[in-house]
Structures are given as C-alpha cells and as structure tokens.
Amino acid sequence: MKKEPEDANKRREVSPVICYPSSRLKRPNLKIYRSIREGAKKVDEIIINPRDAKCFRVRAGQFFRITSIEGPQVGDLNLWNLDNLSEKFYSGKTRALHGSHMDEGDQMWSCFPYLRPMATVFEDTLKWYGVDKFGGSVHDVIGTRCDPYTNKLLEGNNYHHCCHSNLARALAAEIALPILEAESLIHDVLNVFMCTGFTRDTGQYFMKASPVRPGDYIEFFAEIDLLGALSACPGGDCSTKHSSDSAKCYPLLVEIFLNEQSVLNITNEVNGYNRKHGLQ
Ligand SMILES: [Zn+2]
C-alpha cells in the first residue's frame, strides 16, 4: 500500500465545489402553478394495491398527487413520455442537478438526448423532515428500485413482487406488451416517501422507517404528457426488509387534477445540443 503523501491532510481539507450549480438552472415559477392549481378539479384516481403497481396517464399542465392512505408506505415511481416511451425519467442526472432527495421546485428530468423536465415537485407535506442526524431524507433519487435479480444474488430465492417486477407487470398490462419487453423499459425510480441516505463511515446506502403518515402526499405538475407507473413497495415503510412478504404494506392513492380554465401554454422543448459529438 502506498504511503500517504506529506500533504495528505492539506489535500483532504480542500473545499468541495458543487458539480452543477443550481443557480444556472432555470427554475419553475411555482406561483403560476399555484394559481392554476387553485381552480383545478379531480379528474381521475387510481388505488395502487400493496406489493403491486399500476399505470396512470397525465397530460401536460395537469397535476398528479401521490398520497399515503392507510399506513406508512413507500412508492417507486417511473415516468415516460406518453407518446415516446424511449424518453424516460433519468434518476442519475436528476440527482446531479438537484441533489440526492427531491424538494418542492425540483424537477424530474428525462434521459438523453431529451434531457428536459418531465414533472415538477409542486407540493410536499414531508418538507418538514429535512435532513436527520444520520444524513437521511425523503423522496430519494439515489436508490434504484428493489428487484428480483439483486434479491436472487443476496437471498438465493425467486421473489416476484419487487417494485421492478410490479412496474413491469403494470406497464405490460397498460400498453399490451410482452412482459420482457415491458421490463426493458423499467428504469431507476423516484423513491416516493422513502427515507434514505448513505452511512458516513462506510458510504453504504441505508433506509429507515419512513416518516410518512396517512394523509401525507407529494404532488407534481406534469411538464409534458406522461405515462406514469407507481409500485407500492413490498418493503412497506422500509423500516426493516424489502424483497419479501414480511413487511406490513399499505395501498397508495394517485389522483389527477385539471384546471379546465387554464390557458397556460406549456412548451418544454427537448434539449438543444446538436448531437454531432465531435464528428461532422
Ligand atoms: Zn421496492
């Protein structure tokens, strides 16, 4: 093992620089969204059963709200462009732009080459939680989704109700695709209500009991026409285990709101990079 250089501590003390300063991001005007939301009425609702997932459709300019209804429950959210499923939520870049956990005004960005806002976090009743003493916070974009492959690797058994499988089944049913084709469209999620962080000493991804209570919700403004899928995670409140039937699980509610009087003209163009990548 190489010896530390003499100036090791000096190097450790160098201050970090934010990779993507958020001051350069055009932020959404939540005041305008609020004025639209005031005149909005509920047009649809979907109940997501425990250890299962369902799809829902939201038009640009509508709002969708995810609510905990019977007990503490975490949800795994996927989003696609309704007209082009290859444009899907990009958890990694969203994390790079907004940080590890989503807050009001943060946006869910789509993958390359589109890279545009798909949805904006409009209201969050768990905003009070902030960051706890372990570095934990809610609504992360650091986890991936519980899945049967990692479960097989670590536990050795076949479990079929991980969020990955739930989302794949829901998408397959929604757009009449064979399950393996639908599976290929499932992507890293926004972990709704989940309380997570990284341990300071080993840098490991941790979860702890979600602070969510029935009635808590997170609401989004749809920036483009969306197909969403939400899984009620088999981990329940994620205080103990996921990827099994051992945790107590509850349903989640998705509601869609529309203001028919709104004249807001929403245009979210896809990213403007010319895609030459250094070639002519
Ligand atoms: Zn899960």
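Use the structure listed above.
For every chain, the first residue of its written sequence is number 1, and the numbers climb from 1 along that sequence. Owing to the predicted nature of the model, reporting of local features is limited to residues with pLDDT of at least 70; listing and counting of side-chain atom pairs is limited to 80 or more, with chain, interface and lining totals taken over all residues.

Participant: Which residues make up the overall build of the chain, and what values go with them?
Facilitator: Only DSSP runs of H or I covering at least 4 residues are called helices, and only runs of E covering at least 2 are called strands; the numbering of each starts at the N terminus. The number of helices and strands found in the chain is 6 helices and 13 strands. What the globule rule says is 2.2 Å times the number of residues to the power 0.38, and the radius of gyration is computed from C-alpha atoms. For 280 residues, the compact-globule estimate of 2.2 N^0.38 gives 19 Å, and the chain sits close to it at 20 Å. By principal-axis analysis of the C-alpha atoms, the chain measures approximately 65 × 50 × 45 Å. Think of it as a crowd count around each C-beta: if 20 or more other C-beta atoms lie within 10 Å the residue is buried, if 12 or fewer it is exposed, and in between it is partly exposed, with C-beta placed from the backbone throughout. By residue count, 41% of the 280 residues in the chain fall in the buried class. Contacts in the chain between residues at least 24 apart in sequence constitute 73% of all its contacts with a sequence separation of at least 6. Each residue gets a C-beta atom placed from its backbone, and two residues are in contact if those atoms lie within 7 Å.

Participant: Any details on the environment of A96? Residues and values, ideally.
Facilitator: By the secondary structure assignment, A96 is in helix α3 (residues 91–98). Given 14 C-beta atoms within a 10 Å radius, A96 is considered partly exposed. Distance from A96 to E183, taken between C-alpha atoms, is 25 Å for residues 87 residues apart in sequence. Each residue touching A96, except ones within four places of it in the same chain, is listed here: C19 and Y20.

Participant: Please give an account of the sheet that holds strand β13 (residues 252–258) that cites residues and values.
Facilitator: For two strands to pair, DSSP has to find at least two bridges joining them. Reading across the sheet, the 6 strands line up as β1-β13-β3-β11-β7-β6 and stay open at both edges, with antiparallel pairing between neighbours. Sheet topology places β1 (41–48) and β6 (107–109) at the edges, where each strand pairs with a single neighbour. Adjacent strand axes in the sheet meet at a mean angle of 25 degrees, parallel and antiparallel pairs treated alike. Pairing of β1 with β13 involves 7 bridges; the strand directions are antiparallel. By the bridge assignment, I48 is partnered in β13 with L252. Between N-to-C directions, angles cover 0 to 180 degrees, with each direction set by a line fitted to C-alpha atoms, over the stretch in contact for helices.

Participant: An account of the pairing of strand β10 (residues 205–208) is requested, with residue identities and associated values reported.
Facilitator: In the sheet, strand β9 (residues 190–198) pairs with β10 via 4 bridges, with the strands oriented antiparallel. For G197, the partnering residue across the bridge sits in β10 and is F206. Where β9 folds back onto β10 in an antiparallel hairpin, the turn is made up of 6 residues, including G203, whose phi is positive at roughly 70 degrees.

Participant: Can you break down helix α5 (residues 163–175) residue by residue, with the values?
Facilitator: Here α5 spans 18 Å end to end across 13 residues, near enough to the 18 Å set by a 1.5 Å rise per residue. Taken as a whole, α5 has its buried residues at C163, H164, S165, N166, L167, A168, R169, A170 and L171. Residues of α5 that are buried sit in contact with β2 (53–58), β4 (75–81), α4 (148–155), α6 (179–183) and β12 (226–232). A176 lies just past α5 and shows a positive phi near 55 degrees. Working rule for helices: expected span equals 1.5 Å times residues minus one.

Participant: Explain the pairing of strand β11 (residues 217–222) to me, using residue names and the numbers behind them.
Facilitator: Taken across its 6 residues, β11 has 6 buried, putting it largely inside the fold. The side-chain alternation of β11 yields two buried faces, one formed by Y217, E219 and F221 and the other by I218, F220 and A222. Relative to β11, strand β7 (residues 117–124) runs antiparallel, the two sharing 5 bridges. Across the sheet, residue A119 finds its bridge partner in β11, namely A222.

Participant: Kindly report on α3, identifying the contributing residues and their values.
Facilitator: Looking at α3, one finds that the buried residues are S91, T94, L97 and H98. Relative to the axis of α3, the buried residues are bounded by an arc of 125 degrees and lie together on one face. Packing partners of the buried residues in α3 comprise β6 and β9. One or two residues past the end of α3 sits G99, with phi positive at roughly 100 degrees. Here the arc refers to the set of directions running from the helix axis out to each C-beta atom.

Participant: An account of the environment of N259 is requested, with residue identities and associated values reported.
Facilitator: Of note, N259 is situated in the segment after β13. Look at N259 and you get partly exposed, because 17 C-beta atoms sit within 10 Å. Residues N259 and R37, spaced 222 residues apart in sequence, show a C-alpha to C-alpha distance of 6.8 Å. Discounting chain neighbours no more than four positions away, the residues touching N259 are I36, G39 and A40.

Participant: A description of unusual backbone geometry should follow, citing residues and the corresponding values.
Facilitator: Residue F112 is joined to P113 through a cis peptide bond whose omega torsion reads 0 degrees. As for its placement among the helices and strands, P113 is situated in the loop between β6 and β7. Of note in the backbone geometry, R275 takes a positive phi value of approximately 65 degrees without being a glycine. Turning to its location among the elements, R275 is positioned in the segment after β13.

Participant: Quick rundown of the environment of S262? Include the residues and the values.
Facilitator: Counting through the fold element by element, S262 comes out in the segment after β13. Spatially, the C-alpha atoms of S262 and S35 are 9.2 Å apart, while their sequence positions differ by 227 residues. For S262, the residues in contact, after removing those within four places along its chain, are I36 and G61.

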